[in-house]
Amino acid sequence: MSKQKSPEASGPAADPMDLLGRWRIQLDPDLLILALTHRSFAYEQGGLPHNERLEFLGDSVLSIIVTEHLFVKFPTCTEAQLSRMRGAIVSQVTLAKVGRSIGLGSFILLGKGENLTGGRDRDSILCDTVEALIGATYMSHGLEPTRRVVEDHLRPFLEDAVELGRSSDYKTTLQEYTAQAGLGEPMYETTSHGPDHARVFSATVSIGGVLMGEGEGTSKKTANSSAAKVAYFHLREDATSSAE
């Protein structure tokens, strides 16, 4: 009897070939299946190849595409500004959003445990699979067709790159602002709640013992960044009001 698991237990809920219309380019069928094969499924099937090598390749291809796009589009931005923008665009959160926009979770080959604990909607798995799809696209077509696909899927984020670059590093922005204003060191406190596969983090930031911002996120980092953003704009508004 075949060891193949049922789709509900470990496989995709949809035909992988149906994903190609959403991804907007044809791929070599073997590379497509490999890109969708999570290591948990591969191990359950006795050690099949999985998508981590394609993910490694796709991460590098994605980085050069986004870096070149930002370099050309923002000729007056500094290296630090470009780095922040790139970091926000190639982040796990952004790539998971791309994955959700094409319904990628339904196509991923997952092991039973990952499937039962919400792996199809987990940011890390969606992000890694998007990178693997980029790697598969590059291997199937080369750089220029891959560039068109990547820029197409990332268009909303590329168009909002400046704001994303700021928001990705609000902790640094707040730190610099409070130092220049002589307000003291921002102090963060973070708590979390919910099951491991859907944990929510809540953060507060205080300056000089005064609560200045609160935020939530799917990681400690994003929660702290959200709280820092609130605090930063709060301080800026207070400064503007005082100056009027």
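Remember, it's a predicted structure, so these values are computed and weren't measured experimentally.

1. Side note on the sheet that holds strand E3 (residues 210–217)
Reasoning step 1: Reading across the sheet, the three strands line up as E1-E2-E3 and stay open at both edges, with antiparallel pairing between neighbours. A single partner strand is all that each edge strand has here, and the edge strands are strand E1 (187–193) and E3. Direction aside, neighbouring strands of the sheet carry axes that sit 20° apart on average.

2. Focus: the side chain of Glu 131
Reasoning step 1: On the secondary structure map, Glu 131 appears in helix H8 (residues 123–141).
Reasoning step 2: For the buried Glu 131, no salt bridge is present, and the opposite-charge side chain at shortest range is Arg 39, 11 Å distant.
Reasoning step 3: When sequence neighbours within four positions are dropped, the list of residues in contact with Glu 131 reads Leu 54, Glu 55, Gly 58, Asp 59, Leu 62 and Leu 95.

3. Focus: the packing of helix H4 (residues 52–73) against helix H5 (residues 79–89)
Reasoning step 1: Relative orientation of the contacting elements H4 and H5 amounts to 135°, with a least axis distance of 10 Å. Relative to H5, the element H4 lies oblique. The chirality of how H4 crosses H5 is right-handed. Judged by residue contacts, Ser 63, Val 66, Thr 67, Leu 70 and Phe 71 of H4 engage Leu 82, Met 85, Arg 86 and Ile 89 from H5.
Reasoning step 2: Its residues assigned to classes, the contact of H4 with H5 shows six nonpolar, two polar and one charged.

4. Description of the packing of helix H6 (residues 92–101) against helix H9 (residues 143–159)
Reasoning step 1: Interhelical geometry of H6 versus H9 gives an angle of 130° and a closest axis separation of 10 Å. The orientation of H6 with respect to H9, classified from their angle, is oblique. Considering only the axes of H6 and H9, their crossing is right-handed. Contacts between H6 and H9 involve Thr 94, Leu 95, Lys 97 and Val 98 from the first element and His 153, Leu 154 and Phe 157 from the second.

Here is what the cut-offs are and how they apply
- Residues numbered from 1 in each chain as written.
- Predicted model: local features only at pLDDT ≥ 70, side-chain atom pairs only at ≥ 80, totals over all residues.
- Heavy atoms only, no water.
- Pairing = 2+ DSSP bridges.
- Helix = DSSP H or I, 4+ residues; strand = E, 2+ residues; numbered from the N terminus.
- Axes fitted to C-alpha atoms, helices over the stretch in contact; angles between N-to-C directions.
- Buried < 20%, exposed > 50% of the residue type's maximum accessible area, 1.4 Å probe, protein only.
- Lys, Arg positive; Asp, Glu negative; His and termini not counted.
- Salt bridge = Lys/Arg side-chain N within 4 Å of Asp/Glu carboxyl O.
- Contact = heavy atoms within 4.5 Å.
- Parallel < 35°, antiparallel > 145°, perpendicular 65-115°, else oblique.
- Left-handed = near helix turned anticlockwise from the far one by under 90°.
- Nonpolar A, V, L, I, M, F, W, Y, C, P; charged D, E, K, R; others polar.

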